[in-house]
2 protein chains.
Amino acid sequence: MEKKNLIVGQSGGPTAVINSSLYGVVREALAHPDQIGQVYGMINGIEGFLGGTMLDFREALPGEKLSWLKHTPGAYLGSCRYKLPESLEDPVYPLLFKKFQELNIGWFFYIGGNDSMDTVSKLSRYAAQIHSDIRVIGEPKTIDNDLVHTDHTPGYGSAAKYVASTVREIVLDASVYEKKSVTIVEIMGRHAGWLTAAGALARKYPGDNPFFIYLPETAFDPEDFLAKIEQAFSKNCNVVVCVSEGIHDEKGTFICEYDSSVGVDSFGHKMLTGCGKYLENLVKKRLGVKARSIELNVSQRCSSSLISATDQKEAVLAGSYGVLAALKGETGKMVSFKRNTDSQGNYQMECVLEDVNAICNAEKPVPAAWITPDGADVTEDFFAYALPLIQGSIDIPFGEDGLPAFVYRK
Amino acid sequence: MEKKNLIVGQSGGPTAVINSSLYGVVREALAHPDQIGQVYGMINGIEGFLGGTMLDFREALPGEKLSWLKHTPGAYLGSCRYKLPESLEDPVYPLLFKKFQELNIGWFFYIGGNDSMDTVSKLSRYAAQIHSDIRVIGEPKTIDNDLVHTDHTPGYGSAAKYVASTVREIVLDASVYEKKSVTIVEIMGRHAGWLTAAGALARKYPGDNPFFIYLPETAFDPEDFLAKIEQAFSKNCNVVVCVSEGIHDEKGTFICEYDSSVGVDSFGHKMLTGCGKYLENLVKKRLGVKARSIELNVSQRCSSSLISATDQKEAVLAGSYGVLAALKGETGKMVSFKRNTDSQGNYQMECVLEDVNAICNAEKPVPAAWITPDGADVTEDFFAYALPLIQGSIDIPFGEDGLPAFVYRK
């Protein structure tokens, strides 16, 4: 069999383990030199590839440096938010495949979320149409955990561990004064509340703060929210609440739209900020107590010190599994996670393949049954689901400067 | 000698190692059972003590649990922002000393910043006035690092390590797209820029992001800021800037006041938020590029996973040193840090005592010579000063829930 080359790219927003998936793909590819020749990385995803920017992993990250990808946040290869045209008749497709041919590409890997799986879908459909034998495989990543046909996604476990640990620390910080206060923690998640739900894991004992968890899966009622806080003061003068950035009222109006401006990103998604700030001001005005809002912001997806060892291991496995599947001839698939339970009832994860066309452009919300009837908390089912995903912590090499040492392109 | 009891309290905002100082005081106190009887903690500082709330450390944190204080953020004993009256003729003083007498207190320890040292000053002066033999000792803590007559303060090293590590991660996260962007990181510090300066430590190599560091020690010129960013785009399309929450223009007007409302805390300090948001909007409007602002918020003072081992060790030492000093009869003093250099030129720290009256109500800014002439960066002198303080990381016990395990009062 003639050797072909492999190319891998990253797309969409980074996660703490998107580079672990990259490591899994590259390490596995390098382990099959009889079938896979060069192992290329496209810089800034498919958009950068169209512009001709790429690297060779054997040169860029020789030896041990490759494994440093596993604790390096951001997207090592750079990313893009480029959407391929809907019509496969568009001239960009023959252009792309001409480039693939010039580089003797046999395997194309794309690590990303929803929108990236759309790219995998289109490229694999176009490949079939022109009878190209290029294998196109998607590697999942998203802190939002909203991909369908997978138990969970790489990136979620680490983001959830960051959110839970940080909320636990914020609760201690917010509890030092014996004076009524409300702390609102705003957590990422436009439409799916998986990450906000992880705030509930921060409780050190039943009945601990954060007292309330508000997800975008249910309608948010500001009056009920204020009434619940008033009631909570009878238990603890310091009340901590976790809210998703995407909470909305029963008419579907985002709470952040009540008083702030919004924009639209290049995929047409509404860009949200500020429901925490809005609720902070509402509490101050209506309840007359001290209030603070904290936006956890990008550290949710780029904190290295709270990477979940389970998440990291699974991201590497997914990368590796995808390469083995492609070598067997699979294409147009996304690597997916299936949850199993061993004979002792312990969590186990198995990689499987799913048709990428069934995954792109769909979103998986937190099940309604996992949200309490009052819409202000999650049930034990969520704890059982999420706890295995945040287990284990990793050791990070620290440099002479006392800071985490990462790999990067200069 | 008749045995006396020791009482210790915490005051002001917490730091990641304020409980390490507490551990140092309590462990040392328990090691002298011939001189020190009970070891009490006042709950919610002097204000809580006046209300009668306290605990006994032998009961509250027996055995190994005491050492968990070293990685537990927040203030274990709770805190307060209570300022003792200026006049020592106020009836609160005899009331306090009557309570001390009832509890047979011989040693009073207070862990805090500027305002807490004011309490230590007043109590020690009142004790002298009434010829009480109670020893009153201050243990320094502040992430702001703005106490005078000490090389640095416990809490700063860990906050600086958190800021530097997090900015390094943010730089990776902010560099994934090949599209002009400005990321503004807003860092705590009203009047002193020590913590914001730590953002410069995030650079992985000379000339790396964050490109600009703006401290409150110099006047901030928005036009010059915009011009500098435009120039920086020629080097890198992704520009990261660190700004102190307290930056102001040459007239002294805080940048955050340009468009947001401000309040005043119980000590009469202006409460600031939002210069990052203001600059984000300014960049969007004037430069027409993507901009984001990130407020690091309370994690700067309560992140356990990025505690500096050096800072933690020194906080414990300061607590211990204060007890030994009090046993020798010292009073009205704050434990202070003196920097030494060993024969190999390595950093070493020595505890000394300073008159608390010379410390309270004064602030130490970053020296003007450590700021570059253009006011947009710090010099090598700052690096030499700060790097030893962020060295070493600590291991935190993780519970069965996969999260950091802390001690707390329920």
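- In the annotation of an unreviewed UniProt entry, chain A is listed under the name Pyrophosphate--fructose 6-phosphate 1-phosphotransferase and assigned to Candidatus Blautia faecigallinarum.
- Recorded under Cofactor (unreviewed entry), the UniProt text for chain A is reproduced unchanged: "Mg(2+)".

Considering the UniProt feature "active site" (unreviewed entry) in chain A
Residues and elements named next belong to chain A.
Reasoning step 1: As recorded in UniProt, the feature "active site" (unreviewed entry) lies at Asp144.
Reasoning step 2: Looking at where Asp144 falls in the secondary structure, it is placed in the loop between strand E5 (135–140) and helix H6 (156–174).
Reasoning step 3: Given a relative accessible area of 24%, Asp144 falls into the partly exposed group.
Reasoning step 4: Those residues in contact with Asp144 that lie beyond four places of it in its chain are Gly189, Ala192 and Trp194.

Section: the relation of the copies chain B and chain A
Reasoning step 1: Of the transformation superimposing chain B on chain A, the axial component is 0.0 Å and the angular component is 180°, with the fit at an RMSD of 0.0 Å. The superposition operator between the copies reduces to a two-fold rotation axis. Minimal C-alpha separation from the rotation axis in chain B is found for Ser305 of chain B, amounting to 3.3 Å.
Reasoning step 2: In this assembly the copies share their binding face: 100% of the residues contributing to the interface of chain B also contribute to that of chain A.

Regarding the interface of chain B and chain A
Reasoning step 1: Listed by partner, the interface residues are 56 residues for chain B and 56 residues for chain A.
Reasoning step 2: Across the pair Asp173 of chain B and Arg301 of chain A runs a salt bridge whose closest N-O atoms are separated by 2.8 Å.
Reasoning step 3: Run the count over chain B and chain A and you get 24 residue pairs in polar contact (both at pLDDT 80 or more).
Reasoning step 4: Among the elements of the structure, helix H6 (156–174), strand E11 (290–295) and helix H10 (299–302) of chain B are those that each provide at least two residues to the side of chain B that touches chain A.
Reasoning step 5: Residue classes in the side of chain B that touches chain A are distributed as 24 nonpolar, 19 polar and 13 charged.

Comments concerning the UniProt feature "binding site: Mg(2+)" (unreviewed entry) in chain A
Residues and elements named next belong to chain A.
Reasoning step 1: Look at the UniProt record and you will see "binding site: Mg(2+)" (unreviewed entry) annotated at Asn114.
Reasoning step 2: Relative to the helices and strands, Asn114 resides in helix H5 (residues 114–129).
Reasoning step 3: Given the relative accessible area of 14%, Asn114 is considered buried.
Reasoning step 4: Dropping the residues within four chain positions of it, Asn114 is found in contact with Asp146, Leu147, Ile359, Cys360, Asn361, Ala362 and Glu363.

What counts as what
Residues numbered from 1 in each chain as written. Chains lettered and ligands numbered in written order. Predicted model: local features only at pLDDT ≥ 70, side-chain atom pairs only at ≥ 80, totals over all residues. Heavy atoms only, no water. UniProt positions renumbered as here; feature names shortened; annotations may be inferred. Helix = DSSP H or I, 4+ residues; strand = E, 2+ residues; numbered from the N terminus. Buried < 20%, exposed > 50% of the residue type's maximum accessible area, 1.4 Å probe, protein only. Contact = heavy atoms within 4.5 Å. Least-squares fit on C-alpha atoms with pLDDT ≥ 70 in both. Salt bridge = Lys/Arg side-chain N within 4 Å of Asp/Glu carboxyl O. Polar contact = N/O pair within 3.5 Å; in protein donor to acceptor, adjacent residues only side chain to side chain. Nonpolar A, V, L, I, M, F, W, Y, C, P; charged D, E, K, R; others polar.

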